[in-house]
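Fold and contact review
So the chains spell out like this:
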Amino acid sequence: KENGTAYVAMPPLDGATLRRVVGERGSAPDEGELRGWLHPLLEALDALHAINCVHGDVTPDSIFITRDGPLLLGFGGGRHAIAQALRMPEDALMHGYAAPEQYRFDPSGSLLGPWTDLYALGAVLCATMTGRAPSAARERLQRDDVLPIAAQVGHRFGAALATAVDAALAVPPLDRPQNVAAMRSLLDGAAPSPAARRGARVTAAGRIDGEDSRRRSPRVDVYALALSAATLLCLAAFAAIGYLLWR
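Residues numbered from 1 in each chain as written. Predicted model: local features only at pLDDT ≥ 70, side-chain atom pairs only at ≥ 80, totals over all residues. Heavy atoms only, no water.

1. With respect to the overall build of the protein
The helix and strand inventory of the protein stands at nine helices and five strands. Written out in order from the N terminus, the α and β elements of the protein read β-α-α-β-β-α-α-α-α-α-α-β-β-α. In the protein, buried positions account for 46% of the 247 residues. Here the contacts in the protein between residues at least 6 apart in sequence split such that 67% fall between residues at least 24 apart. Total accessible area on the protein stands at roughly 12,700 Å², and carbon and sulfur atoms take up 55% of it. (Helix = DSSP H or I, 4+ residues; strand = E, 2+ residues; numbered from the N terminus. Buried < 20%, exposed > 50% of the residue type's maximum accessible area, 1.4 Å probe, protein only. Contact = heavy atoms within 4.5 Å. Areas by Shrake-Rupley, 256 points an atom, 1.4 Å probe, with all protein chains shown as cover.)

2. Let's talk about the pairing of strand 3 (residues 69–72)
The pairing of strand 2 (residues 63–66) with strand 3 spans four bridges and is classified as antiparallel. Each residue of the ladder has a partner; that of isoleucine 65, found in strand 3, is proline 70. Between strand 2 and strand 3, which pair antiparallel in sequence order, lie two residues. (Pairing = 2+ DSSP bridges.)

3. Let's talk about the side chain of glutamate 101
Among the structural elements, glutamate 101 can be located in the loop between helix 3 (77–85) and helix 4 (114–130). A relative accessible area of 1% means that glutamate 101 is categorised as buried. Reaching out from glutamate 101, the side chain makes a polar contact with the side chain of threonine 116 at a distance of 2.8 Å. Sequence-distant contacts of glutamate 101, that is, excluding residues within four places in its chain, are made with Leu111, Leu112, Trp115, Thr116, Pro173 and Arg176. (Polar contact = N/O pair within 3.5 Å; in protein donor to acceptor, adjacent residues only side chain to side chain.)

4. Observations concerning the pattern of salt bridges
Counted under the stated rule, the structure contains seven salt bridges. For glutamate 31, the salt bridge identified is with arginine 35, shortest N-O distance 2.9 Å. Of the two residues, glutamate 31 and arginine 35 are both situated in helix 2 (residues 31–50); the distance of four residues between them amounts to about one turn of the helix. Its relative accessible area of 28% is what places arginine 35 among the partly exposed residues. Across the salt bridge formed by aspartate 144 and arginine 140, the nearest N and O atoms sit 2.8 Å from each other. Residue class for aspartate 144 comes out partly exposed when judged on its relative accessible area of 42%. (Salt bridge = Lys/Arg side-chain N within 4 Å of Asp/Glu carboxyl O.)

5. Focus: the nonpolar core
Leu121 and Met129 are the most contacted members of the largest nonpolar core, which totals 46 residues. Examining the composition of this core, we find that ten residues originate from one element, helix 4, more than from any other. Filtering out sequence-adjacent residues up to four positions away, leucine 121 remains in contact with Leu38, Leu41, Leu42, Leu45 and Val58. (Core = buried A, V, L, I, M, F, W, Y, C linked by side-chain atoms within 4.5 Å.)

6. Quick notes on the confidence of the model for the protein
With 69% of its residues at a pLDDT of 70 or more, the protein has an overall mean of 78. Confidence drops under pLDDT 50 across residues 238–246; counting only partners more than four residues distant or on other chains, this segment forms 13 contacts. (pLDDT = per-residue confidence, 0-100.)

7. Observations regarding a nonpolar patch on the surface
Taken together, the side chains of Val8, Met10 and Leu13 present a nonpolar region at the surface, about 220 Å² in accessible area. If you trace the backbone, valine 8 turns up in the segment before strand 1 (15–17). (Patch = residues over 30% accessible without salt bridge, like charges linked within 9 Å, V, L, I, M, F, W, Y side chains within 5 Å.)

8. Regarding the pairing of strand 2
Along strand 2, one buried face is formed by Ile63 and Ile65 and the opposite face, lined by Phe64 and Thr66, is buried too. Sheet topology places strand 1 next to strand 2; three bridges connect them, and they run antiparallel. Paired with threonine 17 across the two strands is phenylalanine 64, which belongs to strand 2.

9. Some points on helix 2
Taking 1.5 Å of rise per residue, the 20 residues of helix 2 would be expected to cover 28 Å, and the 28 Å separating its terminal C-alpha atoms lies within 8% of that figure. Of all the residues in helix 2, the buried ones are Leu34, Trp37, Leu38, Leu41, Leu42, Ala44, Leu45, Ala47, Leu48 and His49. Of the residues that open helix 2, the one with a side-chain oxygen 3.2 Å from the backbone nitrogen of glycine 32 is aspartate 30. Taken from the residues just after helix 2, asparagine 52 is the one with a positive phi, measuring 60°. (Expected span 1.5 Å × (residues − 1).)

In structure tokens form, the structure reads like this:
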């Protein structure tokens with residue numbers, strides 16, 4: 001309070017980040033272990049989304065692997081909102097894991113949702129399975145060179161897992177699973193969304209056409225609004241951290 005800074009107190013954790021765990025092994029985990037990590041991560045995201053909070057920063061560095069399973073750390077919502085207020089959204093993003101909509105000036109956050117975190121989770125899975133993160137979403141808006149997971153890893157992972165990752169990594173938000181329940185269905189072998197829902201297209205200017213009009217950002221150039229959003233997101237993130245640690 002004296003320094004005008006917010007802090008989060010956390011218990012000591014025994015483990016390492018997903019990036020470090022995979023890096024030290026030198027190879028990808030098998031599908032059984034990967035799915036074992038996925039279950040609690042999806043539960044954590046589902047809990048956040050249930051209180052209308054977007055994590056906004058799911059990366060191999062924000063997933064901490066412990067003996068009891070993975071923990072999801074490092075909420076980026078407040079940081080992203082402040083970057084939006086300064087008209088520098090890219091400064092708060094980790095390229096390769098941030099979704100395309102996070103690159104747009106969107107002080108209200110109306111473009112973000114569960115599909116945003118699921119894109120990042122798909123990118124984390126892609127990096128874990130293939131050893132390389134996807135191209136930055138900003139580049140994919142111009143030229144999408146990301147190959148299907150099956151083409152990159154062969155038969156090392158099952159078709160359902162590969163299909164789920166491919167769907168999560170779709171550039172248009174409407175082509176992705178829209179919530180954790182839809183992602184779980186894909187992981188269980190359900191067919192991806194019908195082609196009719198894939199009418200969205202990405203223009204060279206980086207505009208994602210075909211988006212639901214409810215997700216379009218009102219073009220409001222009000223810094224106070226963005227800073228208020230940052231404050232609310234920070235409070236929501238701190239509450240979510242406490243909730244997840246309590247669980």
